[in-house]
Amino acid sequence: MDFSSCPFCNSWVPSSELERHANGHFEDEEIASDMELARQISLAPPSPPAASEPVNDLQIDMYLSRSVDNDASICNDDAKLFGDGDSISSLASLQTRESFHKIEGGLMALLKKCLELETGDSICILSGYIDHFQCIEFEDAGWGCGWRNIQMLSSHLLHERHEARDVLFGRAGFVPGILSLQRWLELAWERGFDGDGAEQFNHKIYGSSSWIGTTECAALFRSFGLRAKIVDFGPKKLTPLFLSAPGLKLVCPNGRENNKRKRNPYQVYGLMDRYLNSNSSNSSDAVSCSGKSTNSFMEFDETNTTNVDLAENFVSTSKGQQVLIDWVWNYFSGGRLVETGKCKVTVSSKPPLYFQHDGHSRTIVGIQVRHLAKGKQHSLLVLDPGHNTKILEASLRGKSGWQKLIKRGVHTLRKPQYQLCYVERGICNEEELEKLKTLDSIYIEL
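Naming follows an unreviewed UniProt entry, where the protein chain appears as UFSP1/2/DUB catalytic domain-containing protein of Trapa incisa.

**Q** Before we go on, may I ask you to explain the nonpolar core in this structure?
**A** Note on soluble globular proteins: their nonpolar side chains tend to be buried together. In terms of nonpolar packing, the biggest core is built from 62 residues, with Leu-111, Trp-147, Ile-150, Leu-168, Phe-221 and Leu-396 touching the most fellow members. Residue contacts for Phe-221: discarding those within four places in its chain leaves Ile-150, Leu-153, Ser-154, Leu-157, Leu-168, Leu-226, Ala-228 and Val-423.

**Q** I keep staring at unusual backbone geometry and nothing clicks. Help me out?
**A** Of note in the backbone geometry, Phe-169 takes a positive phi value of approximately 55° without being a glycine. Relative to the helices and strands, Phe-169 is located in the loop between helix 6 (162–165) and helix 7 (178–190).

**Q** Help me understand the state of the cysteines in this model?
**A** The bond known as a disulfide is covalent and runs between the sulfur atoms of two cysteines. One pass over the structure, following the stated rule, counts 0 disulfides. Counting only cysteine sulfurs, Cys-135 is the nearest neighbor of Cys-145, a cysteine outside any disulfide, at a range of 5.8 Å. A residue is classified by how much of its surface remains accessible, and Cys-145, at 14% relative accessible area, is buried.

**Q** Sorry if this is basic, but what is going on with the packing of aromatic side chains here?
**A** Each aromatic ring pair is summarised here by two numbers: the centre-to-centre distance and the angle between the ring planes. In the structure shown here, the tally under the stated rule is 11 aromatic pairs. Note on Trp-189 and Phe-201: the rings are 5.4 Å apart at their centroids and 25° apart in plane angle, and the pair reads as stacked. In this pair, Trp-189 sits in helix 7 while Phe-201 sits in the loop between helix 8 (195–200) and helix 9 (214–222), placing the two residues 12 residues apart along the sequence. For the pair shown, Trp-189 and Phe-201 are each scored as buried.

**Q** Whenever I open this one, the pattern of salt bridges confuses me. Can you help?
**A** Side chains that carry opposite charge are capable of pairing whenever their charged atoms lie near each other. Going through the model one piece at a time under the given rule, you end up with 11 salt bridges. Linking Asp-131 and Lys-102 is a salt bridge whose minimum nitrogen-to-oxygen distance equals 3.4 Å. With a gap of 29 residues between them, Asp-131 in the loop between strand 3 (121–126) and helix 5 (145–160) and Lys-102 in the loop between helix 3 (86–94) and helix 4 (107–117) connect regions that are remote in the sequence. Counted as one network, the salt bridges with shared partners bring together Glu-98, Asp-140 and Arg-148.

What counts and how
Residues numbered from 1 in each chain as written. Predicted model: local features only at pLDDT ≥ 70, side-chain atom pairs only at ≥ 80, totals over all residues. Heavy atoms only, no water. Core = buried A, V, L, I, M, F, W, Y, C linked by side-chain atoms within 4.5 Å. Buried < 20%, exposed > 50% of the residue type's maximum accessible area, 1.4 Å probe, protein only. Contact = heavy atoms within 4.5 Å. Helix = DSSP H or I, 4+ residues; strand = E, 2+ residues; numbered from the N terminus. Disulfide = S-S within 2.5 Å. Phe/Tyr/Trp six-rings, centres within 6.5 Å; stacked < 30°, edge-to-face > 60°. Salt bridge = Lys/Arg side-chain N within 4 Å of Asp/Glu carboxyl O.

Here is the structure:
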């Protein structure tokens, strides 16, 4: 039998089988080539879908997933925050709108009516428009409260502040779903916001059920140029346990800021009773009550206020958890309260507060002070993402049982430490934006 050498593998095969053997090498090369092409296609990010195509979170994952070790940052230029950077525009076009039960007429309008119908001498200050977002069973129940509070705060900013609407979520104009928010947070981390926090999550949070807190809330909003700030409340002995930020900012009695890591908390002194007991009024500080009803509605006019951060310059004569109550009052009142006639429900232009404590977070949407024979009774007005929105709406419309869902008195504040996150008015410039990448905090001793 004659044998011939194969030109491809140099093996000796029967001459009668040489042609078939050689053709096998051609087929193997084609298969290998096809496999290599498929591998390259799978590794390359697909193009964004056309606007008419339905978008889902899997497409977001396919298009935007990047290696944390990639030296090319998703967004190297801070100017892209306000422009059409590829990553921002891609995520903006792919993000999903959160579906939720929208209360006809507005949740805060219903709450205002219920507060107006209460008897007795009281003063209430409310935030403006807010939608309620609840945790969903089998989706985010047990871990999603932080994201739901971000959604509630976002609903206010998008509705009430045009400058925030112009920069939030790629100018989408709606509140994104949790998966999309997780992508926005990863984008903030990759741009350098809260590097320490990013390391705690290994720079990855998309698709996870990890708990988040005020630092993630602040980093997310700061990445859009919003001035999000954190306030820590707690006893002196627990100061090493505060989680706000490495470069924690301490507001000293002389008004100077101390950015040293080691904190020496001081006792703060307060303003709250001054507003409640003052009989004087200044019509230039607030809009007069609308209509002639004793249960009418009044707004704070904060357009002429200075840039002084009243939240940072807060002082209180109270002790314990009452200090937190005083701070919230001072925040919503803008450092002042003007009573006109018998108005008892007012609205502040301040956004709601992200309210964090061990194991849970909620959203503070206002505060009430009732004058009783035995003294003053203070209640935070709180929206809990753990509550069902339809049940909350029914209780407000029926004007029954809503107090148990929304009011939280000082006696309910049993945790040793709390954190708040709030968003100041305006958009920062590029220089300020760079400074906001490092989170700081204001510490107030309870």
